[in-house]
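Each chain, written out:
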Protein chains: 2
Amino acid sequence: MTEVQEKAKRSKVASKKVALVSNDARDFALERIAEAIQANVTDILSANHQDIAEAKKNQLQEALIDRLTLTEERLAGIVQSIYDVIGLSSPLQETVSTNARPNGLVIEEVRVPLGCIATIYEARPNVTVDIAVLSIKTGNSVILRGSTSTIHSNKKLVAIMKQALADTELPEDTISLIESPDREATKYLFHAKEFVDVIIPRGGKKLIDLVVRESSVPVIETGAGNCHMYVDESADVTLSRSVIVDAKAQRPSVCNALETLLVHKDWASKHLSCLMDDLLLNKVTVRGDERARAIDERIVPLLEDDFDTEFLSLTLPIKVVDSVEEAVDHIDTYGTKHSEAILSEDENSVVYFMNAIDAACVYHNASTRFTDGIEFGFGAEVGISTQKLHVRGPMGLPALTSTKYRIKGNGQTKAQPILNTLLH
Amino acid sequence: MTEVQEKAKRSKVASKKVALVSNDARDFALERIAEAIQANVTDILSANHQDIAEAKKNQLQEALIDRLTLTEERLAGIVQSIYDVIGLSSPLQETVSTNARPNGLVIEEVRVPLGCIATIYEARPNVTVDIAVLSIKTGNSVILRGSTSTIHSNKKLVAIMKQALADTELPEDTISLIESPDREATKYLFHAKEFVDVIIPRGGKKLIDLVVRESSVPVIETGAGNCHMYVDESADVTLSRSVIVDAKAQRPSVCNALETLLVHKDWASKHLSCLMDDLLLNKVTVRGDERARAIDERIVPLLEDDFDTEFLSLTLPIKVVDSVEEAVDHIDTYGTKHSEAILSEDENSVVYFMNAIDAACVYHNASTRFTDGIEFGFGAEVGISTQKLHVRGPMGLPALTSTKYRIKGNGQTKAQPILNTLLH
């Protein structure tokens with residue numbers, strides 16, 4: 001049996017235990033984990049230094065190295081977020097519905113853990129703790145497969161977390177780390193339906209597409225955000241300038257940032273130059289179609305794939321459109337069903353846009369940057385689902401759970417059975 | 001472009017229209033469909049006779065031929081079930097939650113259609129109408145791929161339904177039938193993520209496994225039921241006899257029928273022979289382990305794969321167990337997470353079983369035969385999900401929908417943006 005097979009099997013066994021203990025027992029385990037991380041900051045940072053040294057040796061990009069770097073401050077943030085999760089109420093054992101049938105059956109739908117969650121992610125050691133904590137809170141076991149470029153940090157963090165479970169009701173196998181760098185070995189998880197209940201890829205589009213394509217285990221797809229904003233003819237100028245600059249420039253590297261701006265021709269002819277001042281002031285490179293460039297010559301020409309690109313940087317393509325319908329058609333063609341917005345004071349345009357757009361989040365007169373679990377008041381950020389089944393948009397704790405029906409009877413049968421009447 | 005590609009593309013376009021019309025417009029379309037089927041009974045039966053004749057020529061099994069046969073009575077049943085669906089309230093536009101945030105954003109979660117539903121199913125022409133009707137009710141378009149052995153019936157039914165849509169707000173492409181018998185061509189749907197939002201296979205385990213394994217489009221897995229009943233030491237004798245006979249013998253060919261009986265050793269030694277009388281009276285072939293056979297010699301020996309088999313017939317393997325824990329372990333090993341039951345008067349055993357069993361439906365003192373949408377009061381039977389994501393157990397209309405967030409603001413930004421203060 002390979003490392004991955006062995007760990008998948010043991011994780012499934014552990015999941016049954018995690019599911020059956022009390023919410024208090026799970027919160028107690030999370031407290032032990034928080035304390036253990038606090039008590040081992042020096043060890044964690046030293047393991048992380050090994051990853052950083054190797055990353056430098058391998059000449060990884062500065063941004064990637066920053067992403068995999070832990071500091072005392074970042075660790076303090078990780079610990080704080082564990083306490084935040086402990087403070088949330090557990091969705092488990094919540095009764096979703098109760099249904100007393102005419103035949104006397106009482107059908108109760110209750111919330112239960114998914115079982116064993118496998119997650120494949122890129123070089124962010126904070127995700128190691130984050131996903132483990134969210135999985136435990138929701139009564140699941142977790143199999144972690146991080147990037148090989150953070151293997152030292154991940155091994156140390158997982159060893160500390162597993163040790164912290166020793167004094168709790170949760171088995172050590174509640175948390176497993178795949179240590180083998182072999183990608184082919186990891187693919188075992190994609191088909192281990194017997195042991196793994198769901199796979200959550202966290203990372204770039206390439207990773208997510210691979211998992212979706214190959215996995216027969218169900219996947220929760222989190223993901224790419226090619227987000228649009230449509231500025232209607234009726235849009236308020238001050239509001240629009242402020243919301244567009246925020247959506248594009250406040251933090252361009254995230255999935256809910258604005259990627260393409262669609263502007264109604266009449267608004268554009270009156271206000272686009274004013275908006276350009278704001279965008280340039282915020283160091284945004286604006287590219288546009290011919291109609292946009294005819295209005296403001298500071299707009300440079302569009303490149304071929306601009307409408308298809310999630311820039312995650314300070315580049316913004318602009319397209320001038322004739323109507324809200326044209327805007328919706330453009331979004332239908334290029335959108336990734338993440339977050340889309342309309343800026344408008346016209347009720348008809350707003351209603352049409354909000355209904356016709358097929359996306360997790362559709363905004364009216366607000367920045368797309370609010371698409372996240374914390375801003376939605378979920379208290380935790382499990383990720384943002386761009387799929388339509390199971391969960392859509394920002395995911396709270398219930399996204400890591402399922403339900404089951406408990407049916408209580410007193411001898412109900414579908415028909416009157418024929419029984420032997422002779423006595424024994 | 002192949003037939004399948006063309007139809008997938010057109011179905012996606014149609015789905016946008018179906019989603020945007022009113023609930024009344026969709027119900028009106030369903031009424032037209034019901035009327036059209038009633039008005040064309042002769043034509044439908046004559047097309048069905050072609051399928052029956054070919055099935056006989058190809059020497060299909062009697063049971064399969066029965067399954068694909070339509071009669072006036074069966075067609076009347078199909079029409080009645082359309083009116084039943086029209087009578088159900090639509091889940092669309094239901095507000096799932098409303099959340100007013102401290103920053104003034106109002107986040108509303110509303111129920112929306114999935115989009116385009118593809119379904120692959122076996123030789124049951126009633127499914128052709130059934131799935132089309134349920135899809136339309138929930139605002140979706142549908143691509144049907146039935147068995148080639150019912151192609152004449154399916155073509156006729158789909159032609160009639162499409163024609164019925166002519167006088168409605170729904171486009172004809174709301175319903176599409178894949179006519180090509182080429183299985184490889186159908187597989188295009190498995191990866192047509194651009195057009196198809198979900199695939200629902202309805203049929204045997206082999207078909208479902210193929211779709212789950214190959215599809216990168218999300219799948220709703222409906223399915224196999226290797227259902228168990230555990231008779232606890234404390235189980236009431238009269239209640240148990242009645243419930244077991246019902247679960248096994250009332251209609252053995254369905255997925256919620258009993259497939260393996262687990263009996264506590266003490267109950268077995270006292271009551272198994274009495275139960276055997278009932279089972280034999282109902283023509284059940286009972287096979288059992290050595291301990292069962294030592295109690296009643298009418299029990300024949302187990303065959304190797306008995307515990308792994310969904311018989312769908314009057315065969316019942318029996319295993320004698322020492323405890324509720326052993327019963328749960330057996331079900332963990334062999335169950336398909338469909339429906340499992342405990343017969344018991346002991347609160348501890350019941351609570352343990354109901355919590356520990358990982359299945360869509362867990363019963364106490366009732367027949368597993370109640371696992372279906374109608375019995376659950378959903379008014380329609382979309383199928384029974386054996387997966388944990390999205391929907392579990394009997395599926396009502398909401399299973400064919402998703403949600404989206406509509407967020408209304410008045411200029412909210414994540415941070416205070418820096419704007420140009422010069423006037424234009």
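Residues numbered from 1 in each chain as written. Chains lettered and ligands numbered in written order. Predicted model: local features only at pLDDT ≥ 70, side-chain atom pairs only at ≥ 80, totals over all residues. Heavy atoms only, no water.

Trainee: Explain the overall build of chain A here, please?
Mentor: When its secondary structure is counted, chain A shows 14 helices and 16 strands. Buried positions account for 57% of the 424 residues belonging to chain A. Of the contacts formed within chain A by residues at least 6 apart in sequence, a portion of 70% connects residues at least 24 apart. By element, 49% of the accessible surface of chain A is carried by carbon and sulfur atoms, the whole surface being about 17,000 Å². (Helix = DSSP H or I, 4+ residues; strand = E, 2+ residues; numbered from the N terminus. Buried < 20%, exposed > 50% of the residue type's maximum accessible area, 1.4 Å probe, protein only. Contact = heavy atoms within 4.5 Å. Areas by Shrake-Rupley, 256 points an atom, 1.4 Å probe, with all protein chains shown as cover.)

Trainee: What should I look at first to understand the nonpolar core in this one?
Mentor: General note: in soluble globular proteins, nonpolar side chains tend to be found buried as a group. Judged by nonpolar contacts, the single largest core of 52 residues is most densely connected at B:L30, B:I33, B:I37, B:I82, B:V129, B:L144 and B:I175. Among the nonpolar cores identified, the runner-up in size contains 51 residues, and A:I86, A:I117, A:L134 and A:L170 belong to it. (Core = buried A, V, L, I, M, F, W, Y, C linked by side-chain atoms within 4.5 Å.)

Trainee: Could you clarify how one ought to interpret the packing of helix 2 (residues 23–39) of chain A against helix 6 (residues 125–137) of chain A in this entry?
Mentor: Describing two packed helices takes the angle between their axes plus the distance from one axis to the other. Residues and elements named next belong to chain A. For the pair helix 2 and helix 6, interaxial distance at closest approach is 9 Å and the crossing angle is 160°. Comparing their axes, helix 6 and helix 2 come out roughly antiparallel. Our pair here, helix 2 against helix 6, has a crossing hand that is right-handed. Two secondary-structure elements touch here, helix 2 through R26, D27, L30, I33 and I37 and helix 6 through V129, V133, I136 and K137. Looking at the contact of helix 2 with helix 6, its residues break down into six nonpolar, no polar and three charged. (Axes fitted to C-alpha atoms, helices over the stretch in contact; angles between N-to-C directions. Parallel < 35°, antiparallel > 145°, perpendicular 65-115°, else oblique. Left-handed = near helix turned anticlockwise from the far one by under 90°. Nonpolar A, V, L, I, M, F, W, Y, C, P; charged D, E, K, R; others polar.)

Trainee: What's the story with the UniProt feature "domain: Aldehyde dehydrogenase" (unreviewed entry) in chain A in this structure? I'm lost.
Mentor: Annotation from UniProt places "domain: Aldehyde dehydrogenase" (unreviewed entry) at residues 3–277 of chain A. Here residues 3–277 of chain A is 52% helix and 16% strand, with 57 Å between the C-alpha atoms at its ends. (UniProt positions renumbered as here; feature names shortened; annotations may be inferred.)

Trainee: Which parts of the structure should I look at to understand helix 2 (residues 23–39) of chain B?
Mentor: It helps to recall that an α-helix has 3.6 residues per turn; residues three or four apart then point in one direction. All names here are of chain B. Look at helix 2: 24 Å from first C-alpha to last across 17 residues, which is about the 24 Å you get at 1.5 Å a residue. Those residues of helix 2 lying buried are A25, R26, D27, A29, L30, R32, I33, A34, A36 and I37. Here the buried face of helix 2 lies against helix 1 (3–20), helix 3 (41–57), helix 5 (72–87), helix 6 (125–137), helix 7 (151–164) and strand 5 (175–177). (Expected span 1.5 Å × (residues − 1).)

Trainee: Please clarify how the relation of the copies chain A and chain B should be interpreted in this entry.
Mentor: One copy of the chain maps onto the other through a rotation about an axis followed by a shift along the same axis. The operation relating chain A to chain B is a screw motion whose rotation component is 180°, with 0.0 Å of axial translation and a residual RMSD of 0.1 Å. Such values leave the two copies arranged in the relation of a two-fold axis. When C-alpha positions in chain A are compared against the rotation axis, the closest is assigned to A:H390, at 1.7 Å. (Least-squares fit on C-alpha atoms with pLDDT ≥ 70 in both.)

Trainee: Whenever I open this one, unusual backbone geometry confuses me. Can you help?
Mentor: With the exception of glycine, most residues fall at negative phi, and the peptide bonds are largely trans. Here the phi dihedral of A:K337 falls at roughly 65°; this positive angle occurs in a residue that is not glycine. The backbone phi angle of B:L312 is positive, close to 55°, even though this residue is not glycine. On the basis of relative accessibility, which here comes to 34%, the residue B:L312 falls in the partly exposed class.

Trainee: In this structure, what is going on with the interface of chain A and chain B? I would like to understand it.
Mentor: How big an interface is tends to be reported as the loss of accessible area on association of its parts. Taken together, the contact between chain A and chain B spans 82 residues of the former and 82 residues of the latter. Carbon and sulfur atoms make up 55% of the surface buried where chain A meets chain B, a total of about 7,000 Å² over both sides. The largest contributions to the chain A side of the interface with chain B come from A:L389, A:Y405 and A:K414, which together make up 11% of the buried area. For the pair chain A and chain B, the interface holds ten salt bridges. For B:K414, the salt bridge is made with A:E375, and the minimal N-O distance between the two is 3.2 Å. Our count for the contact surface shared by chain A and chain B stands at 56 residue pairs in polar contact (both at pLDDT 80 or more). In terms of residue count, the dominant contributor to the side of chain A that touches chain B is strand 16 (residues 401–412) of chain A (eleven residues). For the side of chain A that touches chain B, the class distribution of residues is 36 nonpolar, 24 polar and 22 charged. Pairing geometry for strand 13 (residues 361–366) of chain A and strand 16 (residues 401–412) of chain B, over five bridges, is parallel. Looking at the pairing, A:H364 lines up with B:K408 of strand 16 of chain B. (Buried area = accessible area lost by both parts, 1.4 Å probe. Salt bridge = Lys/Arg side-chain N within 4 Å of Asp/Glu carboxyl O. Polar contact = N/O pair within 3.5 Å; in protein donor to acceptor, adjacent residues only side chain to side chain. Pairing = 2+ DSSP bridges.)

Trainee: How should the pattern of salt bridges be read in this particular structure?
Mentor: Two side chains carrying opposite charge are able to pair once their charged atoms lie near each other. Evaluation of the coordinates by the stated rule reveals 61 salt bridges over all chains. Between A:K187 and A:E214 there is a salt bridge, with its nearest N and O atoms 3.7 Å apart. Of the two residues, A:K187 sits in the loop between helix 8 (183–186) and strand 6 (198–202) while A:E214 sits in helix 9 (residues 205–214), which places them 27 residues apart along the sequence. Note that B:K156 is salt-bridged to B:D43, the shortest N-O span being 4.0 Å. Separated by 113 residues along the polypeptide, B:K156 in helix 7 and B:D43 in helix 3 bring together distant segments of the chain. By relative accessible area, B:K156 is classed as partly exposed at 28%. Several salt bridges share partner residues, and in doing so they unite A:K12, A:D197, B:K337, B:D358, B:K388 and B:R392 into one network.

Trainee: Just to check I follow, could you spell out the pairing of strand 16 of chain B for this structure?
Mentor: Regular strands place side chains that alternate from one sheet face to the opposite one. All names here are of chain B. Counting buried positions along strand 16 gives nine out of twelve residues, so the element sits mostly inside the fold. Strand direction decides the pairing type here: strand 2 (residues 106–113) and strand 16, joined by eight bridges, are antiparallel. Residue pairing for strand 16: V106 is matched across the bridge by K408.

Trainee: I would appreciate a short explanation of the sheet that holds strand 3 (residues 116–121) of chain A in the present structure.
Mentor: Residue and element names in this part refer to chain A. Here four strands make up an open sheet; going across it, the order is 5-4-3-6 and the pairing parallel. The open sheet is flanked by strand 5 (175–177) and strand 6, the only strands paired with a single partner. On average, adjacent strands in this sheet sit at an angle of 20° to one another, irrespective of strand direction. As paired strands, strand 3 and strand 6 are joined by five bridges and run parallel to one another. Pairing of T119 across the sheet is with I200, part of strand 6. Packing of helix 1 (residues 3–20) onto the sheet brings it into contact with strand 3, strand 4 (141–145) and strand 5, and relative to strand 4 it is tilted by some 155°.

Trainee: Hey, could you run me through the sheet that holds strand 8 (residues 258–264) of chain B in this one?
Mentor: By definition, the strands of a sheet pair up through backbone hydrogen bonds, in either a parallel or an antiparallel sense. Strand order in the open sheet formed by ten strands is 1(A)-2(A)-16(A)-13(B)-12(B)-7(B)-8(B)-11(B)-9(B)-10(B), with mixed pairing between adjacent strands. At either end of the open sheet lies a strand with only one pairing partner, and these are strand 1 (95–100) of chain A together with strand 10 (300–301) of chain B. Note that strand 9 (residues 285–288) of chain B and strand 11 (residues 315–321) of chain B share four bridges and pair parallel. Paired with B:T285 across the strands is B:T315, a residue of strand 11 of chain B.

Trainee: It is not clear to me how the domain arrangement of chain A should be interpreted in this structure. Could you clarify?
Mentor: By domain assignment, chain A separates into domain 1 (3–222 + 395–407) and domain 2 (227–370). When each unit is reduced to the centre of its C-alpha atoms, the spacing between domain 1 of chain A and domain 2 of chain A is 36 Å. (Domains from an automatic or database assignment.)

Trainee: Looking at this model, I keep getting lost on the side chain of A:K319. Mind explaining?
Mentor: All names here are of chain A. Following the sequence through the fold, K319 ends up in strand 11 (residues 315–321). E326 is the oppositely charged side chain nearest to the buried, salt-bridge-free K319, at an N-O distance of 4.0 Å. A distance of 3.3 Å separates polar atoms of two side chains, one belonging to K319 and the other to H330. Other than its neighbours up to four places away in sequence, K319 contacts L261, L262, V263, D289, F307, E326 and H330. (Lys, Arg positive; Asp, Glu negative; His and termini not counted.)

Trainee: Quick question: what am I supposed to make of the environment of A:H364 here?
Mentor: Summarising the element assignment, A:H364 is placed in strand 13. Judged by relative accessible area, which is 13%, A:H364 ranks as buried. The sequence separation of A:H364 and A:I342 amounts to 22 residues, and the corresponding C-alpha distance is 5.1 Å. Excluding its chain neighbours within four sequence positions, the residues that come into contact with A:H364 are A:I342, A:S344, A:V350, A:M354, B:I407, B:K408 and B:G409. Only 2.9 Å separates the side chain of A:H364 from the backbone oxygen of A:S344, close enough to count as a polar contact.

Trainee: How do you make sense of helix 14 (residues 347–356) of chain A when you look at a structure like this?
Mentor: Burial in helix 14 of chain A covers these residues: A:S349, A:V350, A:F353, A:M354 and A:A356. Of the surrounding elements, those touching the buried residues of helix 14 of chain A are strand 7 (227–231), helix 13 (324–334), strand 12 (339–343) and strand 13 of chain A together with helix 1 and strand 16 of chain B.

Trainee: What should I look at first to understand the packing of aromatic side chains in this one?
Mentor: Aromatic ring pairs: the centre-centre distance and the angle between the two ring planes describe each pair. Taken as a whole, this structure holds eight aromatic pairs over all chains when the rule is applied. When the ring of A:F376 is compared with that of A:F378, the centres are 5.9 Å apart and the planes differ by 65°; the resulting orientation is edge-to-face. A connected cluster of aromatic rings, assembled from ring pairs, spans A:F376, A:F378 and B:Y405. (Phe/Tyr/Trp six-rings, centres within 6.5 Å; stacked < 30°, edge-to-face > 60°.)

Trainee: Where do I start with the pairing of strand 4 of chain A in this structure?
Mentor: Residues and elements named next belong to chain A. Burial runs high along strand 4: five of the five residues are buried. Burial along strand 4 is two-sided: the residues S141, I143 and R145 and V142 and L144 are all buried. The pairing of strand 3 with strand 4 spans five bridges and is classified as parallel. Among the inter-strand pairings, A118 is bridged to a residue of strand 4, identified as I143. Regarding topology, helix 6 serves as the crossover connection from strand 3 to the parallel strand 4, and that connection is right-handed. Pairing between strand 4 and strand 5: three bridges, direction parallel. Bridging across to strand 5, V142 finds its partner in I175. (Right-handed = clockwise from strand over helix to strand, strands pointing away.)

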